[in-house]
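Single-letter residue listing:
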Amino acid sequence: MTNQGEPALFVNRWGDTSDPAPGRRGSYRDICSCFDQSRPRPRARVGFHAERQDTSAPGWQHLLELIDEAAADRREEFRPLTELSPEERRQIITLPPSIATLTAVKHLVLYGSNLVRIPPEIGAMTNLEEFTPYTSYRLHWFPYEITRCRKLTRSTVSTRALFGNYKMRPPFPRLQPSPDSVADIDLGNLDPRRWGATAIRSCSVCDRPIEQHGFHQVWISLRVATDVLPLLVSACSSACVAALPGGARDYIPTPHKGGRVDQPTSDWD
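Residues numbered from 1 in each chain as written. Predicted model: local features only at pLDDT ≥ 70, side-chain atom pairs only at ≥ 80, totals over all residues. Heavy atoms only, no water.

Draft legend 1. View of the environment of Phe 48. Inspection of the secondary structure puts Phe 48 in the segment before α1 (58-73). Assessed through its relative accessible area of 8%, Phe 48 is described here as buried. Linking Phe 48 and Arg 194, residues 146 residues apart in sequence, is a C-alpha distance of 7.3 Å. Apart from the residues lying within four places of it in its own chain, the contact partners of Phe 48 are Trp 141, Pro 173, Leu 175, Pro 192, Arg 193, Arg 194, Trp 195, Gly 196, Trp 219 and Leu 232. (Helix = DSSP H or I, 4+ residues; strand = E, 2+ residues; numbered from the N terminus. Buried < 20%, exposed > 50% of the residue type's maximum accessible area, 1.4 Å probe, protein only. Contact = heavy atoms within 4.5 Å.)

Right, dumping it as structure tokens:
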């Protein structure tokens, strides 16, 4: 779903998780200043959110319990944020790898979240048909593994918040040069400011473990369900990068490293 400017009053079809005052005391969301999401303003550089998830936070522990419950009862719709307090919702900046157990879920609702990243384990949600992270304004990209959700046909995403979106064309974070070996990289404890994630264990493309033969990260924009999403690929080889499909129409047509890269003109130009 492409948001054409969100009205002040609307019917919330995804649960009461609206936040009238983001960033203020009592709010469950932090303000994002990565780029202007309301009007096109040229910006030479953006970066990844550097926050790490506090796994000792009550909200995180509560979320783990909710995921276990949803996996056990094999529910088809999962909207965890409605079951968290406002304070707990603010504590959640990513989802745990255990979302891979939600193989029965058909609709994942993350409306109005404080998320800054989605883990690659979302690719294991093989029955996912609808994905709703609408008004998650700090969520600027998605893992390439989401393309493994072959049944995913409907999405509701705030596209103005995405890197490279067709309205504003904000830049993509510049990715690190591809190292010849990962021997000196702790793939289980990465700096999210540099790599976008805190852990990368397997190739986004072939799903093999990333071992000693290199580590290649690229961006590609593809249509996923209803929306064109900026996807971060963490590949084990240049061959896997070469196997990626072409980019979506009116977006950068080939995989790229972000930074100073030419994009099509924005919808406002």
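Draft legend 2. Molecular detail of the packing of aromatic side chains. Tallied over the full model, the rule gives ten aromatic pairs. Here Phe 131 and Phe 142 contribute two aromatic rings whose centre-to-centre distance is 6.0 Å and whose plane-to-plane angle is 80 degrees, an arrangement assigned as edge-to-face. On the criterion of sequence distance, the pair formed by Phe 131 in strand β3 (residues 130-132) and Phe 142 in strand β4 (residues 142-143) is long-range, its members being eleven residues apart. Residue Phe 142 is classed as buried on the basis of its relative accessible area, which comes to 1%. Through a chain of ring-to-ring contacts, the aromatic side chains of Phe 35, Phe 48, Trp 141, Phe 163, Phe 172 and Trp 219 assemble into a single cluster. The cationic tip of Arg 169 hangs over the ring face of Tyr 251; the distance from NZ or CZ to the ring centre is 4.7 Å. (Phe/Tyr/Trp six-rings, centres within 6.5 Å; stacked < 30°, edge-to-face > 60°. Lys NZ or Arg CZ within 6 Å of the ring centre and 35° of its normal.)

Draft legend 3. Quick peek at unusual backbone geometry. One non-glycine residue, Thr 135, lies in positive phi territory at about 60 degrees. Within the fold, Thr 135 resides in the loop between β3 and β4. Backbone geometry places Ala 225, a non-glycine residue, at a positive phi of 60 degrees. Tracing the sequence through the fold places Ala 225 in the loop between β6 (216-224) and β7 (227-235).

Draft legend 4. Examining the environment of Arg 138 more closely. Locating Arg 138 in the fold gives a position in the loop between β3 and β4. Sequence-wise, Arg 138 and Ile 31 are 107 residues apart; in three dimensions their C-alpha atoms are separated by 7.8 Å. If we skip the residues at most four places from it in the chain, Arg 138 touches Asp 30, Ile 31, Cys 32, His 49, Glu 51, Ile 93, Asn 114, Leu 115 and Val 116. Within polar-contact distance, the side chain of Arg 138 engages the side chain of Glu 51 at 2.6 Å. Among the polar contacts made by the side chain of Arg 138, one reaches the main-chain carbonyl oxygen of Asn 114 at a distance of 3.0 Å. (Polar contact = N/O pair within 3.5 Å; in protein donor to acceptor, adjacent residues only side chain to side chain.)

Draft legend 5. Spatial organisation of the pairing of β6. Burial analysis of β6 places eight of its nine residues in the buried class, which makes it a mostly covered element. In the sheet, β6 pairs with β7 via nine bridges, with the strands oriented antiparallel. When the sheet's bridge partners are listed, His 216 is paired in β7 with Ala 235. Hairpin geometry of β6 and β7 is characterised by an intervening segment of two residues between the two adjacent antiparallel strands and by a positive phi of about 60 degrees at Ala 225. (Pairing = 2+ DSSP bridges.)

Draft legend 6. A look at the environment of Asp 30. With respect to the element layout, Asp 30 can be found in the segment before α1. Overall, the relative accessible area of 28% leaves Asp 30 in the partly exposed class. C-alpha separation for the pair Asp 30 and Leu 115, spaced 85 residues apart in sequence, amounts to 9.5 Å. Within the structure, the side chain of Asp 30 is placed 2.6 Å from the side chain of Arg 90, a separation counted as a polar contact.

Draft legend 7. Region of interest: the side chain of Asn 114. Within the secondary structure, Asn 114 sits in the loop between β2 (107-109) and β3. Overall, Asn 114 belongs to the buried group, its relative accessible area being 1%. A polar contact is formed between the side chain of Asn 114 and the backbone oxygen of Arg 90, at a distance of 3.0 Å. Apart from residues lying up to four places away in sequence, Asn 114 is in contact with Tyr 28, Arg 29, Asp 30, Arg 89, Arg 90, Ile 92, Ile 93 and Arg 138.

This is a description of form; function is not addressed.
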